[in-house]
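Residues per chain, in single letters:
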2 protein chains.
Amino acid sequence: MDEIAADPSHPRYASLLMRHRLEAAAERGMLAGSAMIAHGRGEAFDYLLGERTTESAKQAARQALAVLQDAERPVLSVNGNVAALACDDMLRLADVLACPLEVNIFYRTPERMKALLSYINERKEVLGLEVAVLGDAPNATIPGLKGPRAACHREGILESDVILVPLEDGDRCQALVAMGKTVVVIDLNPLSRSAQQASITIVDELSRALNTMLDLAESEGVVPVDNAYDHAAVLDAGLAEMLSALKRA
Amino acid sequence: MDEIAADPSHPRYASLLMRHRLEAAAERGMLAGSAMIAHGRGEAFDYLLGERTTESAKQAARQALAVLQDAERPVLSVNGNVAALACDDMLRLADVLACPLEVNIFYRTPERMKALLSYINERKEVLGLEVAVLGDAPNATIPGLKGPRAACHREGILESDVILVPLEDGDRCQALVAMGKTVVVIDLNPLSRSAQQASITIVDELSRALNTMLDLAESEGVVPVDNAYDHAAVLDAGLAEMLSALKRA
């Protein structure tokens, strides 16, 4: 870990820490070839947000937590970048929700699946949590997707009613929405297909978004679902915050 | 090369071709660990520009070509991402300007320098150009920078009056400006320190910016320097184009 990233008082600490986590994950074989580029795109949008959790992101995170708590069969989907950047927070959220966490990746190979599952299970042991970690034995497919990327668990993603899919590909987000699920996305680009198509989109950096949800669950317990929640309006508010960041410059 | 990137009619052809070039360069050991993340950040800003060359970028490219043509000792600086993404265009521009091209990288190691120099010289042979390629035997340092990143050639960067440094780090850009040079930057982020500090900043994707200059040199020959060129105003115009892209969404 380089010297800047080891000093939490450095203004770029959080950003450098995330890069360090990605590098470590790449060494473990957890990431797809496109992982670093995707992360860089996120960094640019976070830069426009001022690297902070906006009011609209807080509102989206509150609703996301509420619908996950209110779900019959919630599930948290984890891909390579999510495992690299925020494995512990995803495990903690699965624990709070008493729901499974399913490894589900776009570029599925046995090697990457093994690397991801072994890392997540290692962290689960360290944290001492009882979370069910799925992904090792897919027995169903997501309709509308082709090849290995469609593979999922019946008792996980397939039969879930509410799913959290952070940093998700647009095609897969669309396929999940088409299945009738409530799809919660965490995506720094408010213009991405995933962000647009989801039921609820938190426009925020992954670990900040997860910590907003974890803090809320700790301080308020069960959060009521806001039946007047307006996905498009909250997204527009996120976009407006980026516009004002550009104007401030 | 994946199948989409092999089809020039694909709407994402240019973007996928650039990713492919980076992957190939990574395999040759030409890139720093941060290369892919930096590229991803650029992709996000290019997305906001609509992946096209704006009017303000054309204006900046025209002035950049003019000051390079007007220089006593112009030089083109090449780092890992620049060599990966646009080696041939940089060699062609050096040929048009009859100036040296200097490999100058932030994370300097003998292995990366060797990989870069061998690739550039290989492409120079293929293109049949007579360009002087420097970087192998630095004999001077850039004042204000520490360690290997300060190393440069006296007959190249040190004594140049006008320097093109595409995709440059903010500290290095600042050090070059402090030396009294006219510094031309190509950077997709109009808010970056490099973009702000440079004498002329082309807010455009690297190969598009270089091709704008090459086309101009071919069609117009020597381009006159615009003495009323306003760096800050052109940058503001680039920012305004991004704002309008966000508003269109």
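Residues numbered from 1 in each chain as written. Chains lettered and ligands numbered in written order. Predicted model: local features only at pLDDT ≥ 70, side-chain atom pairs only at ≥ 80, totals over all residues. Heavy atoms only, no water.

### Points about the relation of the copies chain A and chain B
Basically, it comes down to this: Only residues with pLDDT of at least 70 in both copies contribute their C-alpha atoms to the least-squares superposition of the copies. Residues count as neighbours in contact if any of their non-hydrogen atoms are within 4.5 Å of one another.
Mapping chain A onto chain B calls for a rotation angle of 179 degrees and an axial translation of 0.0 Å; the resulting RMSD is 0.0 Å. Such a combination of turn and shift is consistent with a two-fold rotation axis. The overlap is high: 95% of the interface residues of chain A also sit at the interface in chain B, so the same surface is used on both sides.

### Observations concerning the sheet that holds strand S8 (residues 200-202) of chain A
Residue and element names in this part refer to chain A. To keep it simple, the criterion reads: A pair of strands counts as paired when DSSP detects no fewer than two bridges linking them. Counting from the N terminus, the helices are DSSP H or I runs at least four residues long and the strands are E runs at least two residues long. Angles here are taken between N-to-C directions and fall from 0 to 180 degrees, while the axes themselves are lines fitted to C-alpha atoms, restricted in helices to the stretch in contact.
Spatial ordering of the open sheet is given by S3-S2-S1-S6-S7-S8, a layout of 6 strands whose pairing is parallel. Two strands close off the open sheet at either side, each with one partner strand: strand S3 (133-134) and S8. Summarising the sheet, strand S1 (residues 74-78) and strand S6 (residues 162-166) pair through 3 bridges and their orientation is parallel. Opposite valine 75, over in S6, you have isoleucine 163 as the bridge partner. Each of S6 and strand S7 (182-186) touches helix H7 (residues 170-178); the most contacted strand, S7, lies at about 155 degrees to it.

### Structural notes on the nonpolar core
Convention followed: Take the buried Ala, Val, Leu, Ile, Met, Phe, Trp, Tyr and Cys residues and link them wherever side-chain atoms come within 4.5 Å; each set so joined is a nonpolar core. Residue burial is assigned from relative accessible area. The probe radius is 1.4 Å, only protein chains are included, and a residue is buried under 20% of its type maximum, exposed over 50%, and partly exposed in between.
A:Leu164, A:Ile202, A:Met213, B:Leu164, B:Ile202 and B:Met213 are the most contacted members of the largest nonpolar core, which has 118 residues in total. The next biggest cluster of nonpolar side chains, apart from the first, holds 26 residues, and it includes A:Leu49, A:Met242, A:Leu246 and B:Ala44.

### Notes on the packing of helix H4 (residues 80-97) of chain A against helix H5 (residues 110-127) of chain A
All names here are of chain A. This is how it is decided: Orientation is classified from the angle alone, with under 35 degrees giving roughly parallel, over 145 giving roughly antiparallel, 65 to 115 giving roughly perpendicular, and any other angle giving oblique. Less than a right angle of anticlockwise turn of the near helix away from the far helix marks a crossing as left-handed, whereas a clockwise turn marks it as right-handed. Polar here means any residue other than Ala, Val, Leu, Ile, Met, Phe, Trp, Tyr, Cys and Pro, which are nonpolar, and Asp, Glu, Lys and Arg, which are charged; Gly is therefore polar.
Where H4 meets H5, the closest approach of the two axes is 10 Å, and the angle between their N-to-C directions is 25 degrees. By the criterion of interaxial angle, the relationship of H4 to H5 is roughly parallel. As for the relative orientation of H4 and H5, their crossing is right-handed in sense. Facing Gly80, Ala83, Cys87, Asp88, Leu91 and Arg92 of H4, the residues of H5 in contact are Arg112, Leu116, Tyr119, Ile120, Arg123, Lys124 and Leu127. When its residues are assigned to classes, the contact of H4 with H5 shows 7 nonpolar, 1 polar and 5 charged.

### Re the pattern of salt bridges
Heads up, the rule is: A pair is scored as a salt bridge if a Lys or Arg side-chain nitrogen falls within 4 Å of a carboxyl oxygen belonging to Asp or Glu.
Counting across every chain of the model gives 28 salt bridges over all chains. Ionic pairing is found between B:Glu168 and B:Arg172, a salt bridge with its closest N-O pair at 3.2 Å. Both residues of the pair, B:Glu168 and B:Arg172, belong to the buried class. In this structure, B:Arg208 engages B:Asp204 in a salt bridge whose closest nitrogen and oxygen atoms are separated by 2.7 Å. Take B:Asp204: its relative accessible area is 1%, and that puts it in the buried class. Residues joined in a network through salt bridges with shared partners are A:Arg19, A:Glu43 and B:Arg41.

### Section: the interface of chain A and chain B
Stated formally: Here the buried area means the combined drop in accessible surface, using a 1.4 Å probe, for two parts upon being joined, counting both sides. Polar contact criterion, stated in full: a pair of N or O atoms within 3.5 Å, where within protein one must be able to donate a hydrogen and the other to accept it, and residues adjacent in sequence count only if both atoms are side-chain atoms.
Counting from both sides, the interface comprises 21 residues of chain A and, opposite them, 20 residues of chain B. Each partner contributes to the roughly 2100 Å² buried at the junction of chain A and chain B, and carbon and sulfur atoms together form 78% of this total. The largest contributions to the chain A side of the interface with chain B come from A:Ile37, A:Leu191 and A:Leu246, which together make up 29% of the buried area. At the boundary of chain A with chain B, the tally comes to 2 salt bridges. The partner of A:Glu43 in a salt bridge is B:Arg41, with the nearest N and O atoms 2.5 Å apart. Linking chain A with chain B are 6 residue pairs in polar contact (both at pLDDT 80 or more). Among the elements of the structure, helix H1 (13-27), helix H2 (35-49) and helix H10 (231-248) of chain A are those that each provide at least two residues to the side of chain A that touches chain B. Of the residues forming the side of chain A that touches chain B, the biggest block, 10 residues, is contributed by H2(A). Residue composition of the side of chain A that touches chain B, grouped by class: 13 nonpolar, 4 polar and 4 charged.

### Comments concerning the packing of aromatic side chains
Each aromatic ring pair is described using two quantities: the centre-to-centre distance and the angle formed by the ring planes. Residues and elements named next belong to chain A. Let me state the cut-off plainly: Only the six-membered ring of Trp is used, alongside the rings of Phe and Tyr, when aromatic pairs are assigned; centres must lie within 6.5 Å, and planes under 30 degrees apart are stacked while those over 60 apart are edge-to-face, with the rest tilted.
The final tally for this structure, using the stated rule, is 2 aromatic pairs over all chains. Arranged with centres 4.9 Å apart and planes meeting at 75 degrees, the rings of phenylalanine 106 and tyrosine 107 form a pair that is edge-to-face. On the basis of relative accessibility, which here comes to 45%, the residue tyrosine 107 falls in the partly exposed class.

### Details of helix H3 (residues 55-70) of chain B
Rule in force here: Each residue after the first adds 1.5 Å to the expected span of a helix.
Here H3(B) contains 16 residues, and its C-alpha end-to-end distance of 23 Å stays within 8% of the 22 Å for a straight helix at 1.5 Å per residue. The complete set of buried residues in H3(B) reads B:Ser56, B:Ala57, B:Ala60, B:Ala61, B:Gln63, B:Ala64, B:Leu65, B:Ala66, B:Val67 and B:Leu68.

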